[in-house]
Structures are given as structure tokens and as C-alpha cells.
Amino acid sequence: MKRAGVVGWPIEHSRSPLIHGHWLKEYGIAGSYTKIAVAPEEAADFFASLAQRGLAGCNVTVPLKEIAFAAAEVKDPSAVAVGAANTLWLDGGRLHAANTDSFGFMRHLELSAPQWREGGDQVAILGAGGAARAIVHGFLEAGVAEVRVLNRTRARAEALAAHFGPRVTVHDWAARDNASAGAAVLVNTTTIGMKGVGSLGMDLSRLGPRAVVADIVYVPLETELLARARARGLTAVDGLGMLLHQAVPGFERWFGVRPEVTPELRDIIVADIEGRA
Ligand code: ATR
């Protein structure tokens, strides 16, 4: 029986077991996927001993993604770009790392707003944390001419831009309405709006009619930002799709089947978010 899991500290809140558990059942695979709580000071040893623990690999969540990245012998370009790993697997006895947030975000964007490039050649990203890094990497890989980063703490946005090079530009948080005017895609990667707390307070009227607005927050599914985008007739892309799609590459590595993100899977997670599970 192949075993995998999600490792974090704390880990109770993770919805990954629901996703992978659904796929294990769906594809009739005799495997398991569980939550594994590992304290930061024990994480390096834990990742170094996956094989001894009988694990084919694991997902990694906060605050262990940088430790997971450092522990891996083979780092995929997505993990190198972000400097953090959310997916580990063993291949030929060697520990491999990837960051599938970038893939998950871009895949969901392509599927739910395939026309996203038509709105212009620049995109605007709110936030400069780990999720922002993954998404900036995704847009640069997709060939976008300019990625504008706006963050409350400007120094963090500057560090991100320095890491990725001249296609990433830094703009003041206070000037976010102006800086995102003309963006093909506006993405919120901050925690604002999570569980309905806070407001980005953005004036979306400066976005073009073909702009796409995405949020990585998925509790609630329809954030204030997305509701306001929809009210203006813009395409709104929710954060749940990213969560579902980022899980695909790991499952394939550990269990040997490329799983599908289906409406049924989405419904299971939505029910859980809405407290109906
Ligand atoms: P992750 O790695 O998941 O992206 P993170 O590193 O904690 O998470 O980043 C959270 C982001 O939300 C940051 O960009 C943070 O801005 P700062 O770098 O200035 O802290 C942003 N954020 C959180 N609360 C915010 C608020 N009230 N106003 C503006 N930005 C906020």
C-alpha cells in the first residue's frame, strides 16, 4: 500500500486529505493520505526519513515549505523559483521537491478564463508572500510582459522583484487602483477577505472590460473582491480551483495516476467549507 500525507504545524485545518482521499476512492487505489503534524525543529529529520517511514512522499504546508525545499536533493524549477516546496516525492531513493501552487493557479486560470491574455500584456499581483511568488513565477513562465507587484510592505515586493528580474515591477500599495489599471489579470494573494475579514477597498472601475479578477482566498468562495468584479461584468476566478489543481501533480507522483479535478470533487470541498460535510 502506498502512503502519503500532508505535513504541517499545525495541520488540523488541512483539506488536502479530503481531496486525495476522494481520488484514492475514485481510482480504486489501495493507498492512504493522512495529516501529519511535525514541529519545525523536527521537520528536516522528518523529510530526510520519508522512505524509512514508509511514505512515497508528502505535501508540505506552513510553516515548513522552506525546510522542505532545503531538504530536497533534486529541486524542480517551480520550487527553485519560489524558494519553497509544497510537494515532495522519492524517486530512485532521492528526495525531489516541487512547488505546485504555480501550476495550480495557472491551470485553474486557463480553464476558467481561457481568454485571460486578451485584456493586455501586464498583470497586477496584490501581496508579496509565498503564494505571490508562485503566481508571479506562473505568469512569467506564461510569457507575460510585465508583472506588477503591490504590497503593503514595499520592501517585500522589492525583494520579490529583485529575485525575478526586470519583468517584475514594484508599485505602492496606496496607489493600487492606478497601478492595476489596464491589467489583464488582477490577483489577490493577500489574506485580506479571508473568512470575510478586511476589505481591499479597490476601485475596479479602472480595469478594462476584459480584465480577469482572481482571488486565492477560498473561504468564503465568493470574496468581496470577486463579488465586486462579477457585479462589474468582469470574469471572476475563485481560489478553490488553485487548491484543487495544485494537488494533481503530487497525487500522480505518489500513486501513479494523473487525477482529474471534477465538479464532484469541488462539491465535496465546497460542502466542507460551508460546514455541510
Ligand atoms: P503566503 O506565504 O501564504 O502568501 P504571507 O507570507 O503571510 O502568506 O503573506 C501574506 C500577504 O498578505 C502579505 O503580502 C501581506 O502583506 P505584508 O507583506 O505587508 O505583511 C498581506 N497582508 C496581510 N494582511 C494585510 C493587510 N491588512 N493589508 C495589506 N496587506 C496584508
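Going along each chain's sequence as written, the residues are numbered from 1 onward. Local features are withheld for residues below a pLDDT of 70 in this predicted model, meaning they are given only at 70 or higher, and side-chain atom pairs are given and counted only at 80 or more; totals for whole chains, interfaces and linings count all residues. As a convention, hydrogens and water are excluded, and side-chain values are obtained from all of the structure's heavy atoms.

When helices and strands are counted, the chain shows 12 helices and 12 strands. This radius of gyration counts C-alpha atoms alone. The globule rule is 2.2 Å times how many residues there are, raised to the power 0.38. Over its C-alpha atoms the chain spans a radius of gyration of 19 Å, differing by no more than 12% from the 19 Å that the globule rule assigns to 277 residues. Along the first, second and third principal axes, the C-alpha set of the chain runs to 55 × 40 × 30 Å. In this scheme, a residue with accessible area under 20% of its type's maximum is buried, one over 50% is exposed, and one in between is partly exposed, where area comes from a 1.4 Å probe on protein chains only. Counting only residues that meet the buried cut, the chain has 53% of its 277 residues in that class. A contact between two residues is defined here by any heavy atoms of the two lying within 4.5 Å. A sequence separation of at least 24 residues applies to 65% of the contacts in the chain between residues at least 6 apart. Calculation of accessible area relied on Shrake-Rupley with a 1.4 Å probe; when residues are assessed, cover is drawn exclusively from the protein chains displayed. As displayed, the chain offers around 12,100 Å² of accessible surface, 52% of which is attributable to carbon and sulfur atoms. Neither His nor the chain ends is counted toward charge; the positive residues are Lys and Arg and the negative residues Asp and Glu. The atoms used to mark charge sites are NZ of Lys, CZ of Arg, CG of Asp and CD of Glu. If you average the places of the 28 positive and of the 29 negative side-chain charges in the chain, the two averages end up 1 Å apart. Helix and strand definitions here come from DSSP, where helices need a minimum of 4 consecutive H or I residues and strands a minimum of 2 consecutive E residues; each element is numbered from the N-terminal end.

It is worth spelling out the pattern of salt bridges at this point. For this analysis, a salt bridge means a side-chain nitrogen from Lys or Arg found within 4 Å of a carboxyl oxygen belonging to Asp or Glu. Here the structure, examined in full by the defined rule, presents 13 salt bridges. The shortest N-O distance in the salt bridge between Arg-117 and Glu-110 comes to 3.9 Å. Overall, Arg-117 belongs to the partly exposed group, its relative accessible area being 45%. When its relative accessible area of 32% is taken as the criterion, Glu-110 is described as partly exposed.

What follows deals with the site of the ligand. By convention in this text, a residue qualifies as near a molecule or strand provided that one of its non-hydrogen atoms is within 4 Å of it. Residues in close proximity to the ligand total 13 residues, the closest being Gly-130, Asn-151, Arg-152, Thr-153 and Arg-156. Counted as a polar contact is a pair of N or O atoms within 3.5 Å, where, for protein atoms, one must be capable of donating a hydrogen and the other of accepting one, and residues adjacent in sequence contribute only when both atoms are in side chains. With respect to the ligand, the backbone of Gly-130 contributes an N or O atom lying 2.8 Å from an oxygen atom. Between the ligand and Thr-153 there is a distance of 2.5 Å, counted from an oxygen atom to a side-chain nitrogen or oxygen. In isolation the ligand has 650 Å² of accessible area, and contact with the protein removes 68% of it.

Time to look at the nonpolar core. For this analysis, a nonpolar core means a set of buried residues of the types Ala, Val, Leu, Ile, Met, Phe, Trp, Tyr and Cys, connected via side-chain atoms within 4.5 Å. Grouped together as the largest cluster of nonpolar side chains are 32 residues, with contacts concentrated most on Phe-105, Trp-116, Phe-139 and Val-147. At the level of elements, helix H5 (101-112), strand S7 (122-126), helix H6 (130-141), strand S8 (146-151), helix H7 (154-164), strand S9 (168-172), strand S10 (185-188) and strand S11 (212-215) are the ones that each hand at least two residues to this core. With 5 residues, H6 is the largest single contributor of residues to this core. Those residues in contact with Phe-139 that lie beyond four places of it in its chain are Phe-105, Met-106, Leu-109, Trp-116, Val-123, Ile-125, Val-144, Val-147, Val-185 and Val-187. Within the second largest apolar cluster, 22 residues are counted, among which are Ile-19, Leu-24, Ala-247 and Phe-255.

With that settled, consider the sheet that holds S7. Within a beta sheet, neighbouring strands are joined by backbone hydrogen bonds and run either parallel or antiparallel to one another. Read across the open sheet, the 6 strands follow the order S9-S8-S7-S10-S11-S12; overall the sheet is parallel. Each edge of the sheet is formed by a strand with only one pairing partner; in this case those strands are S9 and strand S12 (235-237). When strand polarity is set aside, the average angle formed by the axes of neighbouring strands in this sheet is 20°. Think of it this way: DSSP has to see at least two bridges between two strands before they count as a pair. Note that S8 and S9 share 5 bridges and pair parallel. Bridge assignment links Arg-148 to a residue of S9, and that residue is Thr-169. Most of the contacts of H6 go to S7, to which it runs at about 175°, and overall it touches S7, S8, S9 and S10. Across the sheet, helix H9 (residues 224-231) touches S10, S11 and S12, and the angle it forms with S11 is around 165°. Orientation is described by lines fitted to C-alpha atoms, with helices fitted over the stretch in contact, and by angles between N-to-C directions that extend from 0 to 180 degrees.

Worth remembering: the numbers are spatial, not functional.
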